[in-house]
Structure formats: C-alpha cells, structure tokens
Amino acid sequence: MQKALMLLIVTALFAFSSQTVAAEDSDVIVTVDSTSLRFSPSEITITEGQAVRFMWAGQALAHNAVADDGLFDSGEPERDVDYRFVFEPGTAGTHTFVCEPHASVGMVGTVTVEAAPVEEVEEETEEVASEDTPAVSLVSSLLVTAFAAVFVARYADDEQME
Ligand SMILES: [Cu+2]
C-alpha cells in the first residue's frame, strides 16, 4: 500500500519536472558557431515569457553563457551544455551576456526582451463568460422547475386515483 503511494508520488513528481523542463516551439536556440569563439546567433530578440536555450555539444573548447546583469548563468564552462532560461514577465530590456573564458576575444551576445503585449482577448472572453453564466443558470433552473412541476402533477394524480 505504501509502496504504491510512493510510486504514485514519484510518478507525479517526474511528470511535473519533465513538464517544466519541456522545450517549447518558441524557444530560441543559441549555439556556438564554427569558429568556436562566437555565439550563434549572438543578437536575439524575444518577447517576455519566451525562453532562450543555450545548447552545444562536443565543442573543442568549454563555453558558458552568463548575463552581465546576473539574470541567467549556465554554470561552469562545458563542452556540452543544454541550458534553458525563461525570460519571465518583468525581464523586458537588454541583457548582454558573455562566455566567461572567451569574453575577451569577443564571445559575447545580447538578448533583447520586448514587453509582452497586453492581452485584450482574455478580457473579452471573461466578459462573454460572465454574461453567459446567468443565462445558463436561468435555463437550468427553468428546466428543474419544469421537471419538479411534472413530478408534482403526477404525484397529485396518483393520490387522487387512490
Ligand atoms: Cu566560449
């Protein structure tokens, strides 16, 4: 019984963690170009909520990606890196970053984060929903009343028969 519970918890945790790590189509992938000393692309423009994925493998040199303002940091320089950073709302602005071992030779980049547009669609949906709700409850309460009336009428008939 406890084993089953543990398994359930572990499965749930795994499902949750794999979901949060899952890459999205809107991710911008930054890798290292053939010179081994440049990010590719090095100038990125995204919108708040989007992620940048610093990703390279089998490099001759070890690289990392560290924001000058401390917003993100892929960790120690490595030949194989897969580091994804989500630029949450509030991160709008220009973030320069470097590969620490190669910053002096120009291995630098810029992420420009644009503020997410105000979503008016969501507000409209909410308004429609709040208008719909009383209508739906009116219809359902009418139906309930109708059924109740039929039931009472039948019951009354039966009483009279006896
Ligand atoms: Cu580097």
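Attention in this report is confined to the structure presented alongside it. Starting afresh in each chain, residues are numbered from 1 along the sequence in its written order. Note on the predicted model: pLDDT of at least 70 is required for a residue's local features to be given, and 80 or more for side-chain atom pairs to be given and counted; whole-chain, interface and lining totals, by contrast, use all residues.

### Considering the overall build of the chain
Numbering of helices and strands runs from the N terminus, with a helix taken as a DSSP run of H or I at least four residues long and a strand as a DSSP run of E at least two residues long. Check the secondary structure of the chain and you find 2 helices and 8 strands. Across the chain, helices and strands are ordered from the amino to the carboxyl terminus as α-β-β-β-β-β-β-β-β-α. Burial is judged by counting other C-beta atoms within 10 Å of a residue's own C-beta: 20 or more means buried, 12 or fewer means exposed, and anything between counts as partly exposed, with every C-beta placed from the backbone. Relative to its 162 residues, the chain shows a buried fraction of 14%. Considering only residue pairs separated by 6 or more positions, the chain has 57% of its internal contacts joining residues 24 or more positions apart. By definition, residue pairs are in contact when their C-beta atoms, positioned from the backbone, come within 7 Å.

### A word on the environment of Arg53
Tracing the backbone through its elements, the reader meets Arg53 in strand E4 (residues 51-56). Given 17 C-beta atoms within 10 Å, Arg53 falls into the partly exposed group. C-alpha separation for the pair Arg53 and Val81, spaced 28 residues apart in sequence, amounts to 9.4 Å. Look past the residues within four positions of Arg53 in its chain and what remains in contact with it is Ala23, Asp27, Ile29 and Arg84.

### Let's talk about the environment of Ala115
Looking at the secondary structure, you find Ala115 in the loop between strand E8 (108-114) and helix H2 (120-161). Given 12 C-beta atoms within a 10 Å radius, Ala115 is considered exposed. Remark: the alpha-carbon pair of Ala115 and Gly93, spanning 22 residues in sequence, is separated by 8.0 Å.

### Re the nonpolar core
Only buried Ala, Val, Leu, Ile, Met, Phe, Trp, Tyr and Cys residues enter a nonpolar core, and they are joined through C-beta atoms within 7 Å. Counting residues in each nonpolar core, the largest one holds 15 residues, and the members touching the most others are Val30, Phe39, Val52, Phe54, Ala65 and Val111. Looking at this core, the elements with two or more residues in it are strand E1 (28-32), E4, strand E6 (81-86) and E8.

### Things to note about the sheet that holds E4
Hydrogen bonds between backbone atoms are what pair the strands of a sheet, whose relative direction is either parallel or antiparallel. The mixed open sheet is built from 4 strands, whose spatial order is E2-E1-E4-E6. Either end of the sheet is taken by a strand with one partner, and the two such strands are strand E2 (39-40) and E6. Strands are treated as partners if at least two bridges between them are detected by DSSP. Direction of pairing for E1 relative to E4: parallel, over a ladder of 3 bridges. Note that in E4 the partner of Ile29 across the bridge is Arg53.

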